Amino acid sequence: GLAPDIVPSTFEENLSINDFEDIHEYPVSTSTYKAVEVYERLVKDDPDNAPDLVIAADTVVLTHAQPSTSDVSYSVLPSTNQELLEKPNSKEDNLRMLLDLNGGVCEVVTGVTVVYPVLTAPGYQI
């Protein structure tokens, strides 16, 4: 079996949601920054023992999920403001999020990134 090492990323998750045309790209970008940060740090700490693979993920919750299996264009749907929910910063924030979601529909989006070594610069592939 596999015996993976779990290495938390030190990437400060502070990307601006406003930089993304599609809100679904936000967790993909965050997971990419996390994976690259871990990979580069591990290579810097021990160049002769680079990781074979780094897998990172980031998950967000979007309130008011939009229909994804409908033939109806988003442009004809009533405008709904989707709030992006990330890790709560306190117990109170956690409770607020749960109460906001209670009885509603939400969308959970996870971005997953795999980084592995290659022989060309910068030394890894995403």
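As shown above, the structure is provided for reference.
Note that the coordinates shown come from a computational prediction; the quantities given were computed from them, not determined experimentally.

Undergrad: Go over the pairing of strand β3 (residues 106–117), please, and point to the residues and values.
TA: In terms of strand pairing, strand β1 (residues 54–63) meets β3 through 10 bridges, oriented antiparallel. Considered in β3, the bridge of valine 60 is made with valine 109. Bridge analysis of β3 against strand β4 (residues 124–125) gives two bridges, and the strand direction is antiparallel. When the sheet's bridge partners are listed, tyrosine 116 is paired in β4 with glutamine 125. Linking β3 back to β4 in an antiparallel pair, the connection comprises six residues, with glycine 123 at a positive phi of about 100°.

Undergrad: Got a sec to walk through helix α1 (residues 25–45)? Specific residues and values, please.
TA: Between its first and last C-alpha atoms α1 spans 30 Å; for 21 residues at 1.5 Å apiece the expected length is 30 Å, and the two agree. Elements that come into contact with the buried residues of α1 comprise β1, β2 (84–85), β3 and β4.

Undergrad: How would you summarise the packing of aromatic side chains if you had to cite specific residues and measurements?
TA: Inspection of the entire model under this criterion finds two aromatic pairs. Pairing phenylalanine 11 with tyrosine 33 gives two aromatic rings, centres 5.1 Å apart and planes at 5°, and the pair type is stacked. One end of the pair, phenylalanine 11, is in the segment before α1; the other, tyrosine 33, is in helix α1, and 22 residues separate them in sequence. Look at phenylalanine 20 and tyrosine 26: their rings are 5.7 Å apart centre to centre, the planes differ by 90°, and that puts the pair in the edge-to-face class.

Undergrad: Residues and numbers for the nonpolar core, please.
TA: The biggest cluster of nonpolar side chains holds eight residues, and these are Ala35, Val36, Val38, Tyr39, Val54, Ala56, Val115 and Tyr124. Contributions of two or more residues to this core are made by α1 and β1. With four residues, the single largest contributor to this core is α1. Setting aside its immediate chain neighbours within four residues, tyrosine 124 contacts Val36, Tyr39, Glu40, Val115, Tyr116, Pro117 and Val118.

Undergrad: Before we move on, can you summarise the environment of threonine 110 with the specific residues and values?
TA: On the secondary structure map, threonine 110 appears in strand β3. As for threonine 110 and valine 60, which are separated by 50 residues in sequence, their C-alpha atoms are 6.5 Å apart. In contact with threonine 110, not counting residues within four places along its chain, are Ala57, Asp58 and Thr59. A distance of 2.8 Å separates a polar atom in the side chain of threonine 110 from a polar atom in the side chain of threonine 59.

Undergrad: Report on the pairing of β1, specifying residues and quantitative values.
TA: Across a regular strand the side chains alternate sides, sitting on one face of the sheet and then on the other. For β1 and β2, the ladder comprises two bridges, and the chain directions are antiparallel. Within the sheet, the bridge partner assigned to valine 61 lies in β2 and is leucine 85.

What counts as what
- Residues numbered from 1 in each chain as written.
- Predicted model: local features only at pLDDT ≥ 70, side-chain atom pairs only at ≥ 80, totals over all residues.
- Heavy atoms only, no water.
- Pairing = 2+ DSSP bridges.
- Helix = DSSP H or I, 4+ residues; strand = E, 2+ residues; numbered from the N terminus.
- Expected span 1.5 Å × (residues − 1).
- Contact = heavy atoms within 4.5 Å.
- Phe/Tyr/Trp six-rings, centres within 6.5 Å; stacked < 30°, edge-to-face > 60°.
- Core = buried A, V, L, I, M, F, W, Y, C linked by side-chain atoms within 4.5 Å.
- Buried < 20%, exposed > 50% of the residue type's maximum accessible area, 1.4 Å probe, protein only.
- Polar contact = N/O pair within 3.5 Å; in protein donor to acceptor, adjacent residues only side chain to side chain.

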